[in-house]
Amino acid sequence: MPDGALTQVNAGAAHYGDPAVEFAALESGVGVTDRSHVGRLRLRGADVLDLLDRLTTNKLETLEPGEGMPSVLTTSKGRVVDLLTLTAADDYLLCLTSPGRQEAVVEWIDFYTFAEDVTVEDASADTAQLSLAGPGAATLLEGLGVDVSGLPTFHSRAYALSNADVLVWHTLSVGTPTYEIIVPVAAATGVWEALTQAGAVPTGYQAREAYRVQHGMPVHAAEFGDDTNPLESRLKGAISFNKGCYIGQEVVARLNTYQKVQRRLMAVTFSGNAQIGDALKSTDGVAAGVVTSVAQVPGGGTLIGLALVRQEHAAPDATLLVADRDTTATLSEPAFALATEPVEA
Amino acid sequence: MATMQQPLTINITETAAEHVRHFMMVDGKEGYTVRVGVKGGGCSGLTYDLNIVPEAGENDKIIEEHGVRLSVDKKSYVFLAGTVLDYSGGLNGKGFVFNNPNAKTACGCGTSFSV
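Residues numbered from 1 in each chain as written. Chains lettered and ligands numbered in written order. Predicted model: local features only at pLDDT ≥ 70, side-chain atom pairs only at ≥ 80, totals over all residues. Heavy atoms only, no water.

## A closer look at the sheet that holds strand E9 (residues 164–171) of chain A
Residues and elements named next belong to chain A.
Then, in step 1: Taken in spatial order, the six strands make up an open sheet running E8-E9-E10-E7-E1-E11, and their pairing is mixed. Taken across any chain shown, the strands that pair with only one partner, and hence form the sheet edges, are strand E8 (156–161) and strand E11 (201–202).
Then, in step 2: Note that strand E7 (residues 127–133) and strand E10 (residues 178–184) share seven bridges and pair antiparallel. Along E10, the bridge assignment pairs Leu132 with Tyr179. (Pairing = 2+ DSSP bridges. Helix = DSSP H or I, 4+ residues; strand = E, 2+ residues; numbered from the N terminus.)

Now the structure itself:
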């Protein structure tokens, strides 16, 4: 274990014997992780897309069945309520929230629902979520009769897998392809066994957390929340800057247009120990940021992390010091941000 | 001398009522209801909604003033009690304007508010 707590409360096991093997599977084979702790909501009604388009940052109004996208629920001050990942399934919109955030998201949507035809149902307890990640994920699924070739990122499709009706969702793939498999809870064990018998390595949250940190994927309460705006957390890929008004749009647009974003999420490689919450300072002692996530690459690998760093210090290859420790922190751009942020014209 | 406190309601000015009646006549909608409400959205969180409809909603609060029938759904009424619906005409006019005492902040363009 690194000298720092994991940032996420996870379902499933910490590991299934050897986190190093599990981490390697995510990087170069196929790993399957029980991520049923993620919040899952079903939204139904004629006004669902219209309402969420008004409440969140991305352009959802024209979402077609099978399509999906991430979108950020923001306050009127431009702070993050949660990052949502959405896909239009057959007769409902499936919404993933951060773990444990489903209730807050339901309350938020409910507060802003007036005369609209919208109902929200928490599907977190009656479904399970098995996350299949790694370069061999699509091939493994195809071997089980689930042809995901041609399923673009964020698109989902209904399939039969191990005698169960499942939704396979190609979510954002940073580093390696990832497919979230949403399955009725009663069929979850059968689908898990089918995947592992086909060669997917059962992967616990230790390896998965290291994989997340290595690829710079921000999570709630660590990299984003009610004290950050979506731009400093590098969620620009989930924001439409030309869709018009949504709650918080004025603040987010102003921060972007006038380049007023004060901090920037960066990936960090530590030379020694570090913990979540550690302060970062420049080599001449100026406060430079805070560590938000820490993970050790399994198998005795490097201690890596994520940090919110003040703009003037947030340069790739810059070296900062971890306050009160004999540790240096070398910065780099998070792969997640590089993969998702729109290229400036 | 103590004065009786008036219950909070929604009012429409004579100018706004005149414009409502005019629009109803032009559209052949005499006798319709002006249904006002609040919607989530806009930069500040809540925006106003105004529609001319054949009937009020089932549980709407009904207000009649200056020959116009206003209706508002109960949840929106919580955010609109005390509002005066006015009309701002002319080249720089904004059309129908909600003067809402519950609105604490408004966005730059003034079309959304928060409470």
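After that view, the rundown keeps rolling.
## Some remarks on helix H1 (residues 14–26) of chain B
Then, in step 1: Relative to the 18 Å expected for 13 residues at 1.5 Å per residue, H1(B) spans 18 Å between its end C-alpha atoms, a close match to the ideal helical length.
Then, in step 2: Along its buried surface, H1(B) packs onto strand E1 (11–12), strand E2 (33–41), strand E3 (45–53), strand E5 (68–72), strand E6 (84–88) and strand E7 (95–99) of chain B. (Expected span 1.5 Å × (residues − 1). Contact = heavy atoms within 4.5 Å.)

## Points about the environment of Thr327(A)
Residues and elements named next belong to chain A.
Then, in step 1: Its place among the elements puts Thr327 in strand E17 (residues 327–332).
Then, in step 2: Among the residues examined, Thr327 registers a relative accessible area of 5% and is labelled buried.
Then, in step 3: Along the primary structure Thr327 and Phe270 are separated by 57 residues, whereas in three dimensions their C-alpha atoms are 6.5 Å apart.
Then, in step 4: With residues near it in sequence (within four places) discarded, Thr327 still touches Phe270, Ser271, Gly272, Asn273, Leu320, Leu321 and Val322.
Then, in step 5: One polar contact links the side chain of Thr327 to the main-chain carbonyl oxygen of Asn273, over a distance of 2.7 Å. (Buried < 20%, exposed > 50% of the residue type's maximum accessible area, 1.4 Å probe, protein only. Polar contact = N/O pair within 3.5 Å; in protein donor to acceptor, adjacent residues only side chain to side chain.)

## Concerning the interface of chain A and chain B
Then, in step 1: Between chain A and chain B, the residue contacts involve 15 residues of the former and 15 residues of the latter.
Then, in step 2: Of the roughly 1,200 Å² buried between chain A and chain B on both sides combined, carbon and sulfur atoms contribute 62%.
Then, in step 3: For chain A, the biggest contributors to the area lost against chain B are Arg54(A), Phe114(A) and Glu250(A); these three give 47% of the whole.
Then, in step 4: Linking chain A with chain B are zero salt bridges, by the criterion used here.
Then, in step 5: Scanning the region where chain A abuts chain B turns up six residue pairs in polar contact (both at pLDDT 80 or more).
Then, in step 6: Considered class by class, the residues forming the side of chain A that touches chain B number seven nonpolar, four polar and four charged. (Buried area = accessible area lost by both parts, 1.4 Å probe. Salt bridge = Lys/Arg side-chain N within 4 Å of Asp/Glu carboxyl O. Nonpolar A, V, L, I, M, F, W, Y, C, P; charged D, E, K, R; others polar.)

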